[in-house]
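Overview (structure and organization)
Chain by chain, the residues:
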Amino acid sequence: MSDQHSSLIKTPKQLITVVVLAFVVPVLIIVLLVKYVVGEKSAGAGAEAMTPEAIADRLHPVGSVVLAQASGPRALKTGEEVYQLACGACHAAGVAGAPKTGDAGAWAPRLKQGYDTLVTHAVEGFKGMPAKGGNADLDRIEVARAVVHMANASGGTFKDPDPVKTGEHTGQQVVAQACATCHESGAGGAPKVGDWAAWKPRIEKGLNTLYESAITGHGGMPARGGMAKLTDAEIRRAIEYMFNAGKRAAPTAAAPAAAPAAVAAVAAAPAKADAAAGKKLYDASCMACHAAGVAGAPKIGDKAAWAARAKAGIDALAASAIKGKGAMPPKGGAAAATDADIRAAVEYMLAQSK
C-alpha cells in the first residue's frame, strides 16, 4: 500500500523555496494592504489648495448685505440730539426769556413745577416757545428727553424717559399696534390718520379732550383702543401722533378771489386784521428767534438785515417762511397756521424793520 501522507518537499531546494516564500508573501500582502488603505498617490506640496472645494471656500463672501425696509418705527433721538435740533437756538443763550441751559438760578423755579408740567409746556408750546420747539414731527418722548437733558444740566435730577427701559412705546408704535385697525381705514367712523377734514373738528376741541376720549372710550372706540395694558402716557403719545398728522395735512390757504369792481374801493379793508394776526403769530412763534437774531434769523428792527431780504419781495419771503429755510422749520414751527397768517407775520416783521 502507498504512503498517503508523504511530504511534498522532496529536496533541499524545495525546502529553501518554501521557507523564502513563507516570509516574502506575507510581507508583500501587508505592503499592498497598507497602500490600499492609504489611497491615492501623495499630491505635491500645496496641491490641496487648488481643489474645487478649497477654491470655492476662498471665493465665498465674508459677509452679506441685508436691505431693511424703512416702514418700521424710526429710531428715537436722544435728548442731546433734540436739544441741538430744536432747543439750543434759544436755550443756549437764553433768548426771548428761555431759561439758559446750565443756569441753575433760571431753572430753579421751573424745576419746582415738576417734570410733567415742563414736558407739557415743551410739547404744546408756552409763551414765545412754539410747540415741540417748532419741530412737529418729534415724538413726545424725544421732547421729554430734551427737557431732561436741559433740566439736569441746570440742577435737575429727572430720569430719562427711555421707552426701552420702561417698556413703554412711542406714539407711532401705539398707533400701529392698537389704533391702526380703525384709524388707518376709517372703520366705525374713526378719523383716518392724516385726514384733515376728519381731524379738523377734533383738533379744534383740543388735545386734552381727545386724550380723555381715548382713555375712557368714545362712540365705537373702546377705552384705550381695546388695549388695557397701555399706560396713560402711551395713549397720549398716540393721540399726539395722530393729532399732529392731522394738522400737517391741513390744506394751504387758497388765494382770495379777485374783488368785484363794485367793492374794489374797500378791498384793502382787511389789512388791519391781517396786521393783528401777523403780530399775534410773531409773538407766539417767530419772536423766539427773530427777537434776538438767533441762528441767523434777521433780528426784528434790524434795517440792514431786513433790507437785503426785502429786495427779494414779500412773496419770496413768505414762501421761504412757509417752506422753511436754513435753521427755520416750515411755518416757523406753527404747523396749524395758514399761509395767510405766515405772510401777515412776515409783513409785520418787515414793517417793524424799515
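Residues numbered from 1 in each chain as written. Predicted model: local features only at pLDDT ≥ 70, side-chain atom pairs only at ≥ 80, totals over all residues. Heavy atoms only, no water.

1. Details of the overall build of the protein chain
Formally: Strands are runs of DSSP state E lasting at least two residues, helices are runs of H or I lasting at least four, and both sets are numbered from the N terminus onward. Each residue is assigned to one of three classes by its accessible area relative to the maximum for its type, calculated with a 1.4 Å probe on protein chains only: buried under 20%, partly exposed between the two thresholds, exposed over 50%. Residues count as neighbours in contact if any of their non-hydrogen atoms are within 4.5 Å of one another. Using the Shrake-Rupley algorithm and a 1.4 Å probe, accessible areas are obtained, with residue cover drawn only from the displayed protein chains.
Helix and strand counts for the protein chain come out as 15 helices and 0 strands. Going through the 354 residues of the protein chain one by one, you find that 31% of them count as buried. Once local pairs closer than 6 in sequence are excluded, the contacts in the protein chain between residues at least 24 apart make up 60%. Accessible area of the protein chain: about 22,100 Å², with a carbon and sulfur share of 62%.

2. Brief notes about the packing of helix H10 (residues 207-216) against helix H11 (residues 232-248)
In a packed pair of helices, the relevant descriptors are the angle between the two axes and the axis-to-axis distance. Short version of the rule: In this analysis, axes come from line fits to C-alpha atoms, helices being fitted only over the stretch in contact, and the angle between any two N-to-C directions falls in the range 0 to 180 degrees. Put simply, angles under 35 degrees are roughly parallel, angles over 145 are roughly antiparallel, angles from 65 to 115 are roughly perpendicular, and the rest are oblique. In this scheme the handedness of a crossing depends on how the near helix is turned from the far one: anticlockwise by less than a right angle means left-handed, clockwise means right-handed. Each residue gets one label: Ala, Val, Leu, Ile, Met, Phe, Trp, Tyr, Cys and Pro are nonpolar, Asp, Glu, Lys and Arg are charged, and the others, such as Gly, are polar.
Two elements in contact, H10 and H11, have axes whose closest approach is 9 Å; the angle formed by their N-to-C orientations is 125 degrees. It follows from the interaxial angle that H10 and H11 lie oblique. Crossing handedness for the pair H10 and H11: right-handed. Facing Leu207, Asn208, Leu210, Tyr211, Ala214 and Ile215 of H10, the residues of H11 in contact are Asp232, Ile235, Arg236, Ile239, Glu240 and Phe243. Looking at side-chain class alone, the contact of H10 with H11 contains 8 nonpolar, 1 polar and 3 charged residues.

3. Overview of the pattern of salt bridges
Once the charged atoms of two side chains with opposite charge are near each other, the side chains can pair. Test applied: By convention in these notes, a salt bridge is any Lys or Arg side-chain nitrogen within 4 Å of a carboxyl oxygen on Asp or Glu.
A complete count under the given rule lists 6 salt bridges for this structure. For arginine 236, the salt bridge is made with glutamate 124, and the minimal N-O distance between the two is 2.8 Å. Taken as a pair, arginine 236 in helix H11 and glutamate 124 in helix H5 (residues 115-124) lie far apart in primary sequence, 112 residues in all. Here arginine 140 makes a salt bridge to glutamate 240, at a shortest N to O gap of 2.5 Å. Here arginine 140 is found in helix H6 (residues 140-152), whereas its partner glutamate 240 is found in helix H11, with 100 residues between them in sequence. The exposure class of arginine 140 is buried, given its relative accessible area of 13%. Looking at glutamate 240, the relative accessible area reads 3%, which means it is buried. Sharing partners across several salt bridges, the network here consists of Glu124, Arg140, Arg236 and Glu240.

4. Looking at the nonpolar core
Rule in force here: Here, nonpolar core means buried Ala, Val, Leu, Ile, Met, Phe, Trp, Tyr and Cys residues that are tied together by side-chain atoms lying within 4.5 Å of each other.
If you look at the biggest cluster of nonpolar residues, it comprises 19 residues, and the most contacted ones within it are Cys87, Trp107, Leu111, Leu118 and Phe158. Only helix H3 (79-91), helix H4 (104-113), H5 and H6 provide two or more residues apiece to this core. Ignoring anything within four residues of it in the chain, the contact list for tryptophan 107 reads His91, Pro99, Lys100, Thr101, Leu118, Met150, Ala151 and Ser154. Of all hydrophobic cores here, the second largest spans 17 residues; its members include Leu207, Leu210, Ile215 and Ile235.

5. Quick notes on unusual backbone geometry
Positioned with a positive phi, lysine 132 is a non-glycine residue whose angle comes to about 55 degrees. Structurally, lysine 132 can be placed in the loop between H5 and H6. According to the relative accessible area criterion, lysine 132 is buried, its value standing at 7%.

6. Focus on a nonpolar patch on the surface
We apply this condition: Nonpolar side chains (Val, Leu, Ile, Met, Phe, Trp, Tyr) within 5 Å and like charges within 9 Å form the patches, drawn only from residues with over 30% relative accessible area and no salt bridge.
A cluster of nonpolar side chains, namely Leu15, Ile16, Val19, Val20, Phe23, Val24 and Leu28, defines an oily patch on the protein surface of about 670 Å² accessible area. Topologically, leucine 28 is positioned in helix H1 (residues 12-38).

7. Some remarks on helix H15 (residues 339-351)
Here is the rule we go by: The span one expects for a helix is its residue count, reduced by one, times 1.5 Å.
Taking 1.5 Å as the rise per residue, H15 with 13 residues should run 18 Å; its terminal C-alpha atoms sit 18 Å apart, in good agreement. Within H15 the residues assigned to the buried category are Asp339, Ile342, Ala344, Ala345, Val346, Tyr348, Met349 and Leu350.

8. Quick word on the confidence of the model for the protein chain
Keep this limit in mind: A score from 0 to 100, pLDDT tells how confident the predictor is in each residue.
Averaged over the protein chain, the pLDDT score is 74; the fraction of residues at 70 or greater is 76%. Of all secondary-structure elements in the protein chain, the lowest mean pLDDT belongs to helix H7 (residues 163-166), at 50, while H4 reaches the highest, 90. In this model residues 61-73 is a low-confidence stretch, pLDDT under 50, and it forms 3 contacts with partners more than four residues away in sequence or in other chains. Here residues 253-273 is a poorly scored stretch, pLDDT under 50, and it has 4 contacts once near neighbours within four places are set aside; other chains count.

9. Remarks on the environment of glycine 125
Mapped onto the fold, glycine 125 is located in the loop between H5 and H6. With a relative accessible area of 22%, glycine 125 lands in the partly exposed category. The spacing of glycine 125 and alanine 284 is 159 residues in sequence and 8.7 Å in space, taken between C-alpha atoms. For glycine 125, the contacting residues outside a window of four places in its chain are Thr120, Pro130 and Ala131.

10. What to know about the environment of alanine 297
Structurally, alanine 297 is set in the loop between helix H12 (271-290) and helix H13 (303-310). For the pair formed by alanine 297 and cysteine 286, sequence separation is 11 residues and the distance between their alpha carbons is 9.6 Å.

11. A look at H10
Heads up, the condition is: Arc definition: it is the arc formed by the directions from the helix axis to the C-beta atoms.
Restricting attention to buried positions, one finds in H10 the residues Leu207, Leu210, Tyr211, Ala214 and Ile215. Down the axis of H10, the buried set is contained in an arc of 135 degrees. They therefore lie on one face. Each element contacted by the buried residues of H10 is listed here: H5, helix H9 (196-203) and H11. In the segment just after H10, glycine 217 is the residue with positive phi, at about 95 degrees.

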